[in-house]
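Architecture and fold: a report
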Amino acid sequence: MNQIPKTTDNSSGWHGSLDLAYARRRGVTQVIYNQAQAPLKVQRPFYPEGEEVCHSVILHTAGGMVGSDRLSCNFHLQKDAQALITTTAASKIYRSNGQTAQISMQMQLDAGATLEWLPQETIIFNGAIYRQDIRVELAPGASWLGWEITRFGRSARGEKFWQGEWRSNTEIWQQGRPLWIDRQRLFASEETINSPHSLGGYPIVASLTWVGQPVTPELVEKARNLWHTNPPLVKGGARGGIGVTRLTQGLLCRYRGNYTTEVRNWFIDVWHLLRQSFLERPAILPRVWQR
């Protein structure tokens with residue numbers, strides 16, 4: 001198997017950034033600070049569910065990332081602000097020139113704030129080298145929900161993730177104490193992709209994490225049942241596998257399977273369940289998902 005060549009040239013590539021701050025004023029969550037450096041930008045705020053929750057959509061104008069690209073995002077929600085942040089389309093990580101494409105995200109939530117980080121899927125091309133780091137700082141009374149849907153290889157074209165590397169690190173902290181730390185790393189090879197202890201031959205893995213309040217065993221069972229009540233996308237076809245786990249102050253859902261739509265449908269149902277249970281409002285899909 002050919003190895004991806006290494007290079008020491010760090011001067012090329014996009015070095016983009018996005019800084020957003022939200023504040024709640026007279027019952028309205030507003031973007032009070034917005035500074036973007038290409039290729040990142042954010043569309044104007046949307047309020048499809050009323051003024052309490054601000055929906056923001058991030059646009060990556062370059063269309064994808066290659067080795068040596070560096071992107072950073074900083075989100076700050078002030079006291080009691082509520083925001084939902086998503087992306088315009090799937091993120092694409094192209095074959096590497098030997099360097100790492102990297103995204104670093106810092107999210108600070110003040111007391112009573114709620115952030116829902118719900119990006120569309122990430123497609124890791126064969127030969128890509130990619131790292132994502134997310135650190136969330138929660139004040140008491142704040143809550144965070146985030147999901148990550150990752151497709152290894154352009155499976156619709158028959159592409160497999162035989163070469164490359166993927167790393168995803170998520171840390172959620174509160175007053176110097178870790179609430180959830182999740183580190184995942186995958187070195188691509190045919191053996192690794194097909195191993196039952198890794199991808200098991202499936203092209204998609206996904207995680208949904210809710211942290212903010214303890215959940216009951218009954219809510220965990222409801223999240224599992226939502227998976228079983230969703231019909232299979234392909235009649236007679238094999239469905240993916242899932243797991244639901246209670247965290248110290250939250251919930252973790254995992255998926256491994258073949259279809260983005262399959263996991264999205266389940267995650268949206270779980271999101272709706274969490275919304276009703278903790279925020280007492282239904283989940284309203286962002287406009288960009290409905291195009």
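Above this text is the structure in question.
These remarks concern the structure in this document. (Residues numbered from 1 in each chain as written. Predicted model: local features only at pLDDT ≥ 70, side-chain atom pairs only at ≥ 80, totals over all residues. Heavy atoms only, no water.)

**Here we look at the pairing of strand β12 (residues 143–152)**
- Across the 10 residues of β12, 10 count as buried, placing the element largely inside the fold.
- Bridge count for strand β10 (residues 122–124) against β12 is 3 bridges, and the pairing is parallel. Within the sheet, the bridge partner assigned to Ile-123 lies in β12 and is Arg-151.
- Relative to strand β15 (residues 204–211), β12 runs antiparallel, the two sharing 8 bridges. Looking across to β15, one finds that Arg-151 is bridged to Ile-204. (Buried < 20%, exposed > 50% of the residue type's maximum accessible area, 1.4 Å probe, protein only. Helix = DSSP H or I, 4+ residues; strand = E, 2+ residues; numbered from the N terminus. Pairing = 2+ DSSP bridges.)

**Structural notes on the nonpolar core**
- Phe-75, Met-107, Leu-109, Leu-115, Trp-117, Leu-138 and Trp-144 are the most contacted members of the largest nonpolar core, which has 46 residues in total.
- Sorting elements by how many residues they give to this core places strand β8 (residues 101–109) first, with 5 residues.
- Setting aside chain neighbours within four positions, we find Met-107 in contact with Phe-75, Leu-115, Trp-117, Ile-134, Arg-135, Val-136, Glu-137 and Trp-144. (Core = buried A, V, L, I, M, F, W, Y, C linked by side-chain atoms within 4.5 Å. Contact = heavy atoms within 4.5 Å.)

**Some remarks on the pattern of salt bridges**
- Under the counting rule described, the total for this entry stands at 16 salt bridges.
- For Arg-275, the salt bridge is made with Glu-49, and the minimal N-O distance between the two is 2.8 Å. Of the two residues, Arg-275 sits in helix α3 (residues 260–279) while Glu-49 sits in the loop between β3 (40–42) and β4 (53–60), which places them 226 residues apart along the sequence.
- A relative accessible area of 2% places Arg-275 in the buried class.
- Residue classification places Glu-49 among the buried positions, given a relative accessible area of 19%.
- Across the pair Arg-239 and Glu-262 runs a salt bridge whose closest N-O atoms are separated by 3.7 Å. Of this pair, Arg-239 sits in the loop between α2 (217–229) and β16 (241–247) while Glu-262 sits in helix α3, and the two are 23 residues apart along the sequence.
- Using a relative accessible area of 23% as the deciding quantity, one classes Arg-239 as partly exposed.
- Overall, the relative accessible area of 6% leaves Glu-262 in the buried class.
- Shared partners join several salt bridges into a network, and the residues in it are Arg-135, Glu-137, Glu-171 and Arg-183. (Salt bridge = Lys/Arg side-chain N within 4 Å of Asp/Glu carboxyl O.)

**Considering the environment of Thr-150**
- Positionally, Thr-150 belongs in strand β12.
- The class of Thr-150 is buried, set by a relative accessible area of 1%.
- Taking the C-alpha atoms as reference, Thr-150 lies 23 Å from His-15; in sequence the two are 135 residues apart.
- Excluding residues that lie within four positions of it along the chain, Thr-150 makes contacts with Thr-122, Ile-124, Trp-166, Pro-203, Ile-204 and Val-205.

**Looking at the packing of α2 against α3**
- Two numbers describe how α2 lies on α3: the axes approach to 9 Å, and their chain directions differ by 150°. By the angle between their directions, the pair α2 and α3 is classed as roughly antiparallel. Here α2 and α3 pass one another in a crossing that is right-handed. Seen from α2, the contacting residues are Leu-219, Lys-222, Ala-223, Leu-226 and Trp-227; seen from α3, they are Glu-262, Trp-266, Asp-269, Val-270, Leu-273, Leu-274, Ser-277 and Phe-278. (Axes fitted to C-alpha atoms, helices over the stretch in contact; angles between N-to-C directions. Parallel < 35°, antiparallel > 145°, perpendicular 65-115°, else oblique. Left-handed = near helix turned anticlockwise from the far one by under 90°.)

**What to know about the packing of aromatic side chains**
- The full count for this structure, using the stated rule, is 12 aromatic pairs.
- Measuring from centroid to centroid gives 5.4 Å for Phe-152 and Phe-161, while their planes differ by 35°, and the two rings are tilted.
- Ring pairs connect the aromatic residues Trp-147, Trp-227, Tyr-255, Trp-266, Phe-267, Trp-271 and Trp-289, which therefore count as one cluster.
- One residue, Arg-239, lies across the ring of Trp-227, its end atom 4.0 Å from the ring centre.
- Positioned over the ring face of Trp-289 is Arg-264, at 5.0 Å from the centre of the ring. (Phe/Tyr/Trp six-rings, centres within 6.5 Å; stacked < 30°, edge-to-face > 60°. Lys NZ or Arg CZ within 6 Å of the ring centre and 35° of its normal.)

**Some points on the sheet that holds strand β1 (residues 15–25)**
- The mixed open sheet is built from 7 strands, whose spatial order is β2-β1-β5-β8-β11-β13-β14. Two strands in the sheet have a free side with no partner beyond their single neighbour: β2 (28–37) and β14 (177–187). Averaged over all pairs of adjacent strands, the angle between strand axes in this sheet comes to 10°, irrespective of strand direction.

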